[in-house]
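Okay, here's what each chain looks like letter by letter:
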Amino acid sequence: MSAGIDLENVCCDFGSFRAVDTANVSIEPGEFFSFLGPSGCGKTTILRMISGFIEPTHGQIRIGGMDMKGQRPNQRPTALIFQNLALFPLMPIWENISFGLEVRGVDKAARRKRAQELLDMVDLPDAADKMVSQLSGGQKQRVAIARALAVEPKVMLLDEPLSALDLKLRQHMRAELRAIQKRTGVTFIYITHDQGEALAMSDRVGVMSQGRIQQIATPRDIYNNPVNGFVAGFVGENNVFTGSVVSPSAGMAGFDTGLGRLTARLGDGALGEGIKLYVRPEHTILTETEGAENSVPVTVSEVSFEGAFIAVHAKAANGQTLVAEVRNDGAATVPAIGAKRFASFNAAHAAILPDAFTGG
Amino acid sequence: MYQFRQTLARVYAFVFILYLLIPLGIMGAAAFNDNKTPSIVPWKGVTGKWFDALFADETMWLAFRNTLVVAVAVSLLAILVGTAAAILINSISGRLRTTLYGLMISTLLIPGAVIGISTMIMWTKIGNGIHSDFILFKPGLHLSVLGQVSYIAAMVMLLVLARLQSFDEGLEEAALDLGASHAQVMRRILLPYLYPAIGAGGAVAFFQSIENYNVTQFTRGGANTLTVYVFSKVRSGITPTINALALMLMIATLALAIGFEINRRRKARIEDARQAEARRATALEEAF
Amino acid sequence: MGDMFRRYGRAATLIICLLTAFWLAMLVVLPNITLLESSFRPLLPVTEIGGPADQYTLANYLKVFNGSIDTTLMGIPVNIPVHVLTFSLTIFYSLLVTILCFLLTYPLAYYMAKILNPRSLPTIFLLLCVPLLVSEVLRAFAWWIILALKGPLSTLLVTLHVIDKPVRWISGYNGVMIGLVYTYVLFMIFPVYNAMSSLDSNQIEAAEDLGSPWWRTHLRIVLPHCKPGIASGSVMVFMLSAGSLLVPTILGSTTSQWFTQTIQQWMFDALDWNTAAAYAFLLLLMCTLFVSLVMKLFRVKLSDIAK
């Protein structure tokens, strides 16, 4: 059982501050959807509006097609996993998990049985009678998931639940969350500021900034085809050039910069102020001879070894630093510091984008 | 020189504790002296007769019962009112909070005599005003209860508020989100978290009520409480029965206090063991 | 308020507000307003209450100035109304108790906070709390036994040849002082200790390292740090002493009179509740002034004192 969620022109004001501005999104039943953005971008507010702790100032939220206006948190078919998990410290684990059933009047034996089933599912079969303070971070995580699943929600809302874990465990839990979501088929809405998490787990990602949803797309699209500078910059690294558009045609355009004319795809709305050209470091290559297009003479200034790849920093004539990433396949050659090179990129991999979507 | 000052401080602390305890010891010991005046000099031999006299003293037993009734009533009321006030203070802010909090705290600084007289005058005036002979409006122990609650509630409030401030509001939200009603959140989440503070508040209220004299003296009408009874005995002719009573009260309260302390340490040990287990689980997790 | 609705629902919010309102209105504000109102009313037979003679008057307060007596204050003979004298002496001796309590407490608090091994702290606390668990009347009674003419103290000192015949210790305000200090000294220890234990020991060592003698370290580092604790302890001790009725009655002599005793006499001997109300109000006023003064002097807030 899962339900889709529709946000239609949803706004939320705190006094004169607009935390969420005209959010429109349709989340499919059974989808794993992430809201990604820096802190203060409004993603938590969206989550709290869906769960019912905050009423939207304008607009409509529908879960499974039903308008949620006036429905309190305890009346909505959602279950929220809190950032700090909010496990009840005074109840043993099995009471924590079956709390949602307890308040629905399910008898004790049935609750106990259901709690054990869920514990088996999250791979904690012996934890039923332990207290919360006896568990490790990862174990608490699993209990929180089991507790939310116990009420058989149609939608699970997760508020950065992995942020307290250390890196290795976090990566392990990502896979586990994804597997649980696939197994239960419940719609997951996941809030995070960690792009790696969002890209790895989600079916689709909504990138947010300053209260506005900047782009909604699959992880691959978000990374490969960001719609604006904010998305490009928040998800992944870029070499950025400032300049002005010349002779646009057929989705491509010239771009006059202090380093000469470059060519790239022309993004929607790339007009007026704040327009820049973005290209990923892994699409930037360093060659000894000048390339066919988009080739900028540079001097290598720093080489940093990152493990899976090697980042070469090089200074252009105007002092701007460009980064080229070389995959560390064991045969990669790395230029010496001070070497003269050309930094080039394919026009199809570069995009001229507006700054960010701030509405109006 | 430094060492000398440390030794001096140690001796001082020792003497200070003797100063606190010796008077109580003398009072307790006098309960066994076979001498009509309550004292340890001159010592006329060990006797248990003052305890017998105490148990035969019906006025004492009545006062004892009154004290318990008043103390239980004060504890219950103070817990109700103090907890409610703490929750209220914890959920409001700004000037309203400052004003209400100030008002609540100030009750701790009002002299007992003033509380007693004001309580007495107000309730009797209301009684006269509505021409009621209802018992509530006459002097009596029920007015003592109301008077005592007026400041003891503030102590409960402070204890509960301290605990509330470490409460994670997310727990309430989590429970609501799981479908609990407001009443269920209160009963299953908030109150259980507050129980230790409420229990401590109840204990404080109980002891404060037992030992209260000033408020009780001005409101009690003709009824006796233990404190008032002891006081009247000290004023009029005393025999060491009072010492026998004092000794028994001391032992009872001390036993309770030690019991509380042992219980507290036991709970701390259990919690330590749990956290050790969590640390082991974390280490195991990291090893994966 | 909106926050409470959201968190606890309508019914619980209502109950919470009603309970708090009952406390503050019925048990605190209204009684004190009634006290103030009554203090301006004359003492009348029941039949005349509410009649033409029942006018607001300052007469109850002016009774403070009735009946002057001759006495000496610090060697200077003065003629002073007897209740004014009681009132002043109550303030004076309450201040004295406060100062004595502080002097007794300071070294102990320092010892507990900075010298004692923290592991022995719970034991010390338990020992200190024992007298707190014994009611005030019994603590006063214990001293009544000790200070009796032929009591343990006299006997001990006679045996040790310090004095040659038993001494009447309870004379003037001696007994009251001894009793009040013993009864309320604990209310000074805990706040001062709390303040002292929050002082970083490195500060003391830094001062000594810079060559400060021990007394200067205390004067310039430790004492200023303890100000909030001292303020809160002083307020407690002063209020409790000035408001005490048990200790001055049990340990008082024929020549000691405490203001609360005067109030009690108006209430139960003269059966003049209105004058008792006026006197009680004076006591309240004096205490309020003292608290404000301490708060100003030590620059602390009311909420700091309540800790």
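Note that the structure is a prediction, hence the values are computed from the model and not measured.

Conventions and cut-offs
Residues numbered from 1 in each chain as written. Chains lettered and ligands numbered in written order. Predicted model: local features only at pLDDT ≥ 70, side-chain atom pairs only at ≥ 80, totals over all residues. Heavy atoms only, no water. Patch = residues over 30% accessible without salt bridge, like charges linked within 9 Å, V, L, I, M, F, W, Y side chains within 5 Å. Areas by Shrake-Rupley, 256 points an atom, 1.4 Å probe, with all protein chains shown as cover. Salt bridge = Lys/Arg side-chain N within 4 Å of Asp/Glu carboxyl O. Helix = DSSP H or I, 4+ residues; strand = E, 2+ residues; numbered from the N terminus. Core = buried A, V, L, I, M, F, W, Y, C linked by side-chain atoms within 4.5 Å. Buried < 20%, exposed > 50% of the residue type's maximum accessible area, 1.4 Å probe, protein only. Contact = heavy atoms within 4.5 Å. Pairing = 2+ DSSP bridges. Axes fitted to C-alpha atoms, helices over the stretch in contact; angles between N-to-C directions. Parallel < 35°, antiparallel > 145°, perpendicular 65-115°, else oblique. Left-handed = near helix turned anticlockwise from the far one by under 90°. Nonpolar A, V, L, I, M, F, W, Y, C, P; charged D, E, K, R; others polar. 1 Å grid on protein atoms, 1.4 Å probe; cavity = no way out; pocket = protein on both sides within 12 Å on 5 of 7 lines; lining within 4 Å. Points joined across faces, edges and corners; volume = space filled by probe spheres on them. Polar contact = N/O pair within 3.5 Å; in protein donor to acceptor, adjacent residues only side chain to side chain. Expected span 1.5 Å × (residues − 1).

Caption draft 1: Geometry of a nonpolar patch on the surface. Together, Val11, Phe14, Val15, Leu18 and Ile22 of chain B line one region of the surface with nonpolar side chains, adding up to about 450 Å² of accessible area. By the secondary structure assignment, Ile22 of chain B is in helix H1 (residues 2-29).

Caption draft 2: Here's a closer look at the nonpolar core. Of all hydrophobic cores here, the largest spans 252 residues; its most connected members are Met156 of chain A, Met27 of chain B together with Trp23 and Leu128 of chain C. Not counting the four nearest positions on each side in its chain, Trp23 of chain C is found in contact with Val81, Ala85, Met104, Thr107, Val149, Ser150, Ala153, Ala154 and Met157 of chain B together with Val28 of chain C. Counting 19 residues, the second largest nonpolar core, distinct from the first, contains Ala264, Ala316, Ala350 and Ile352 of chain A.

Caption draft 3: Here's a closer look at the sheet that holds strand E7 (residues 155-159) of chain A. All names here are of chain A. What the six strands build is an open sheet, ordered E6-E7-E8-E3-E9-E10; its pairing is mixed. A strand with exactly one partner marks an edge of an open sheet, and here the two such strands are strand E6 (78-81) and strand E10 (212-217). Strand-to-strand twist across the sheet, computed as the mean angle between neighbouring axes with direction ignored, equals 20°. Of the pairings in the sheet, the one linking strand E3 (residues 32-36) to strand E9 (residues 204-209) comprises four bridges and is parallel in character. Looking across to E9, one finds that Ser34 is bridged to Val205. Lying over the sheet, helix H6 (residues 167-184) contacts E3, E7 and strand E8 (187-192), oriented at roughly 155° with respect to E8.

Caption draft 4: Representation of the packing of helix H3 (residues 82-115) of chain C against helix H7 (residues 174-184) of chain C. Residues and elements named next belong to chain C. Between H3 and H7, the least distance of the axes is 9 Å, while the angle of their chain directions is 50°. Taken together, the axis directions place H3 and H7 in an arrangement best described as oblique. Like other packed secondary-structure pairs, H3 and H7 cross with a definite hand, here right-handed. Within the contact between the two elements, H3 uses Tyr93, Leu96, Val97, Leu100, Cys101 and Leu104 and H7 uses Met177, Leu180, Val181 and Tyr184. In terms of residue class, the contact of H3 with H7 is made up of 10 nonpolar, no polar and no charged.

Caption draft 5: A look at the environment of Gly151 of chain C. With respect to the element layout, Gly151 of chain C can be found in the loop between helix H5 (136-147) and helix H6 (152-159). Gly151 of chain C sits 67 residues away from His218 of chain C along the chain, and the two C-alpha atoms are 40 Å apart.

Caption draft 6: Structural view of unusual backbone geometry. Residue and element names in this part refer to chain A. Although it is not a glycine, Glu152 sits at a positive phi angle of roughly 45°. Given the relative accessible area of 57%, Glu152 is considered exposed. Positive phi is not limited to glycine here, since Ser247 has a value of about 40°. By the element assignment, Ser247 lies in strand E12 (residues 244-249).

Caption draft 7: Summary view of the layout of surface pockets. Of the voids in this model, the second largest pocket is the one considered here, and its volume is about 710 Å³. If you trace the second largest pocket, you find 22 residues lining it, with Lys125 and Asn128 of chain B together with Ile49, Trp273 and Asn274 of chain C closest to the centre. Looking at the lining of the second largest pocket, the elements with two or more residues in it are helix H5 (112-129) of chain B together with helix H14 (273-298) of chain C. Looking at the lining of the second largest pocket, the element that brings in the most residues is H5 of chain B, giving five residues. Its residues placed into classes, the lining of the second largest pocket shows 11 nonpolar, seven polar and four charged.

Caption draft 8: Quick peek at the side chain of Gln217 of chain B. Tracing the backbone shows Gln217 of chain B in helix H9 (residues 214-219). Side-chain polar atoms of Gln217 of chain B contact the side chain of Gln264 of chain C, separated by 2.8 Å. Filtering out sequence-adjacent residues up to four positions away, Gln217 of chain B remains in contact with Val228 of chain B together with Leu245, Gln264 and Phe268 of chain C.

Caption draft 9: Local environment of helix H11 (residues 227-243) of chain C. The end-to-end C-alpha separation of H11 of chain C is 24 Å, in line with the 24 Å expected for 17 residues at 1.5 Å each. Within H11 of chain C, 13 of the 17 residues are buried, leaving the element largely enclosed by the surrounding structure.

Caption draft 10: Geometry of empty space enclosed by the protein. Going through the model one piece at a time under the given rule, you end up with five cavities of 30 Å³ or more. Considering the residues around the largest cavity, the lining is formed by Phe88, Pro89, Leu90 and Met91 of chain A together with Phe167, Leu171, Arg188, Ile189, Pro192 and Tyr193 of chain B. Counting residues per element, the lining of the largest cavity draws most heavily on helix H8 (residues 182-211) of chain B, at four residues. Counted by class, the lining of the largest cavity contains nine nonpolar, no polar and one charged residues.

Caption draft 11: Broad picture of the sheet that holds strand E16 (residues 285-287) of chain A. Residue and element names in this part refer to chain A. Pairing within the open sheet is antiparallel, and its five strands lie in the order E16-E20-E17-E18-E19. Sheet topology places E16 and strand E19 (321-327) at the edges, where each strand pairs with a single neighbour. Taken over all neighbouring pairs, the strand axes of this sheet differ in orientation by 45° on average, direction set aside. As paired strands, strand E17 (residues 295-305) and strand E18 (residues 309-316) are joined by seven bridges and run antiparallel to one another.

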